[in-house]
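# Observations on chain architecture
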Amino acid sequence: MYRFLLTPRWWGINLFVVLAIPFCVFMGTWQLGRFEDRVQTHEAADKQPAPGTRAAKPVDELLPVDTVTSGRPATATGRYADQFLVPGRKLDDRTGFYVVGMLRTDSGKALPVVRGWLPGKAGHTSVPAAPTGDVTVTGDLQASENAATAGVDATGGLPDGQVGMISAASLVNLVPYDVYDAWVTLQRSDVRTGGAAATGTSGTADTPGAEDTAGTDDTSGGKATALRPVPAAAAQGTGLDLKAFQNLGYLCEWFVFAAFVLFMWFRLVRREAEAVRDVRLGLVADQQTAPEDQEAPAATAPDAPPEEPTAPDRNAGTSA
């Protein structure tokens, strides 16, 4: 009854099923592995002490930034050089911009330092001047941003002095020196109250609450709103975010596909077997054994009306 499985048409169907099911199972297990990796990374991050509670280390000892060193306090010593604004950044549901100072170290490379956040529009808000002279900053280490980072403006077309993302790949094209493939965000404001920019050690406020005080003067003589520290963000891939549950959803989809392929194969086999059985029992005429050419009976023409008798030829009798 199942000899039809050896026909060329069924060979193609069987080959598709044999290849499709293992492929779906493989893709499902791969998605399961991705989900388990994210869960393990999240659990490992929870077991570790908070990055901000660890002792600060030189930034060179914490590179490259990974899930372990991200958020760790890092120190660097140098002089502030160029300064950039990063527009479109939110803090406490308010839109503003980051103030990034390029701290040139003794090695010649510059470390991007997020000095803080200011409300308003970049380029239209006064910015406190960066400390002058040699400074030592202490901030939470962060990996370079990319197009997938929240708040990043990858469209370009920003005015001079503004950047869309804090990344060595973008900053190195704007400054004449090398840039660290990382950045730090200061734990406290580096600007003192009273209009003078702080010098010396940065990252700690000399006056309690200095980072929340408004009305700091900038170098142009105008009033500049005090910088607010930017909290460090969790490293990408260390939490059970939407992507983790997407992996779980894809896992279910691949196993559903495998079950559907197997179900459809059994259904086709059953239908074909029932058709073969019906032919054997004579319930359905076997189209393959039926004569291919059956001549239809010749159509009979409708009966023609009887012919009228022909009248005798009188001229023939007279001439005789």
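Small disclaimer: the values here were computed from a predicted structure and weren't measured. (Residues numbered from 1 in each chain as written. Predicted model: local features only at pLDDT ≥ 70, side-chain atom pairs only at ≥ 80, totals over all residues. Heavy atoms only, no water.)

### Quick notes on the overall build of the protein
Here is the rule we go by: Each helix is a run of DSSP H or I of at least 4 residues and each strand a run of E of at least 2, with the numbering of both proceeding from the N terminus. Throughout this description, buried means an accessible area under 20% of the type-specific maximum (1.4 Å probe, protein chains only), exposed means over 50%, and partly exposed covers the range between. By the convention used here, residues are in contact when the closest approach between their heavy atoms is within 4.5 Å. All accessible-area figures derive from a Shrake-Rupley calculation using a 1.4 Å probe, and residue coverage is judged against the displayed protein chains alone.
Broken down by element type, the protein carries 4 helices and 9 strands. Here the protein holds 320 residues, and the buried ones make up 33% of them. For the protein, contacts bridging at least 24 residues in sequence account for 65% of all contacts bridging at least 6. Approximately 20,000 Å² of the protein is accessible, and the part contributed by carbon and sulfur atoms is 56%.

### Here's the deal with the pairing of strand E5 (residues 135-143)
The condition that has to hold: Whether two strands pair comes down to DSSP finding at least two bridges between them.
Where burial is concerned, most of E5 is hidden: 7 out of the 9 residues are buried. As defined by bridge partners, strand E2 (residues 73-91) adjoins E5 across 6 bridges and the pair is classed as antiparallel. When the bridges of E5 are listed, Gly 78 appears paired with Val 135. Looking at chain direction, E5 and strand E6 (residues 182-186) are connected through 5 bridges and run antiparallel. The residue of E6 that forms the bridge with Gly 139 is Leu 186.

### Focus on the packing of aromatic side chains
Quick note on the threshold: Side-chain rings of Phe, Tyr and Trp (the six-membered ring for Trp) are treated as a pair once their centres are within 6.5 Å; stacked means planes under 30 degrees apart, edge-to-face means over 60, and tilted covers the remaining angles. A ring is scored as having a charge over it whenever the NZ atom of a lysine or the CZ atom of an arginine sits within 6 Å of its centre and within 35 degrees of its normal.
Here the structure, examined in full by the defined rule, presents 3 aromatic pairs. Taken together, a centroid distance of 5.6 Å and an interplanar angle of 90° make the contact between Phe 23 and Trp 254 edge-to-face. Taken together, the residues Phe 23 in helix H1 (residues 8-47) and Trp 254 in helix H3 (residues 242-280) connect sequence positions 231 residues apart. Residue Phe 23 is classed as partly exposed on the basis of its relative accessible area of 45%. Relative to Phe 257, the ring of Trp 254 lies with its centre 5.8 Å away and its plane at 90°, an arrangement referred to as edge-to-face. Taken together, the residues Trp 254 and Phe 257, both in helix H3 and 3 residues apart, mark about one turn of the helix. Trp 254 sits in the partly exposed class, given a relative accessible area of 21%. Among the aromatic residues, ring-to-ring pairing joins Phe 23, Trp 254 and Phe 257 into one connected group. Its guanidinium or amino end placed over the ring of Tyr 180, Lys 109 lies 4.5 Å from that ring's centre, counting from NZ or CZ.

### Description of the pairing of strand E4 (residues 110-119)
Among the 10 residues in E4, 9 count as buried, and that is most of the element. Pairing analysis gives 9 bridges linking strand E3 (residues 94-105) to E4, with the strands arranged antiparallel. The partner of Val 99 across the bridge, within E4, is Gly 116. Connecting E3 to the next strand, E4, in antiparallel fashion are 4 residues, including Gly 108 with a positive phi near 95°.

### Observations concerning the nonpolar core
Note on soluble globular proteins: their nonpolar side chains tend to be buried together. Put simply, the test is: For our purposes a nonpolar core is just a set of buried Ala, Val, Leu, Ile, Met, Phe, Trp, Tyr and Cys residues, chained together by side-chain atoms within 4.5 Å.
One finds Tyr 98, Met 102, Val 114 and Ile 166 to be the most contacted residues of the largest nonpolar core, which totals 18 residues. Taken together, the elements giving at least two residues each to this core come down to E2, E3, E4 and helix H2 (168-171). Beyond its immediate sequence surroundings of up to four residues, Met 102 is in contact with Arg 79, Tyr 80, Ala 81, Asp 82, Phe 84, Ala 110, Leu 111, Pro 112, Leu 171, Tyr 177 and Val 179. Within the second largest apolar cluster, 15 residues are counted, among which are Ala 76, Leu 141, Tyr 180 and Leu 186.

### Details of a nonpolar patch on the surface
The test is simple: Nonpolar side chains (Val, Leu, Ile, Met, Phe, Trp, Tyr) are joined into patches within 5 Å and like charges within 9 Å, using only residues with over 30% relative accessible area and no salt bridge. Each salt bridge in this description consists of a side-chain nitrogen of Lys or Arg and a carboxyl oxygen of Asp or Glu lying within 4 Å of one another.
Together, Leu 15, Val 18 and Leu 19 line one region of the surface with nonpolar side chains, adding up to about 310 Å² of accessible area. Turning to its location among the elements, Val 18 is positioned in helix H1.

### Digging into the side chain of Gln 142
Counted only if it meets this: Within 3.5 Å is the distance limit for a polar contact, defined as a pair of N or O atoms, with the added protein rule that one can donate a hydrogen and the other accept it, and that residues adjacent in sequence qualify only through two side-chain atoms.
Relative to the elements of secondary structure, Gln 142 occurs in strand E5. Polar side-chain contacts of Gln 142 include one of 2.8 Å to the backbone nitrogen of Ala 233. Dropping the residues within four chain positions of it, Gln 142 is found in contact with Val 65, Ser 70, Gly 71, Ala 182, Trp 183, Thr 185, Ala 232 and Ala 233.

### Description of unusual backbone geometry
Cis geometry marks the peptide bond from Leu 63 to Pro 64, where omega comes out at -5°. In this structure, Pro 64 sits in the loop between strand E1 (57-58) and E2. Within the chain, Asp 92 stands out as a residue other than glycine whose phi angle is a positive 55°. The residue Asp 92 is located in the loop between E2 and E3 in this model. On the basis of relative accessible area, Asp 92 is assigned to the exposed category, the value being 54%. At Asp 93, a position not held by glycine, the phi torsion is positive, near 65°. Looking at where Asp 93 falls in the secondary structure, it is placed in the loop between E2 and E3.

### A look at the pattern of salt bridges
If the charged atoms of two oppositely charged side chains come close together, the side chains can form a pair. Counting across every chain of the model gives 4 salt bridges. With a shortest N-O distance of 3.0 Å, Arg 79 and Asp 134 are connected by a salt bridge. Taken as a pair, Arg 79 in strand E2 and Asp 134 in the loop between E4 and E5 lie far apart in primary sequence, 55 residues in all. With a relative accessible area of 48%, Arg 79 lands in the partly exposed category. Where Arg 228 meets Asp 92, a salt bridge forms, and the shortest distance between an N and an O atom there is 2.6 Å. Placement of the pair is Arg 228 in the loop between strand E9 (223-224) and H3 and Asp 92 in the loop between E2 and E3, with a sequence separation of 136 residues.

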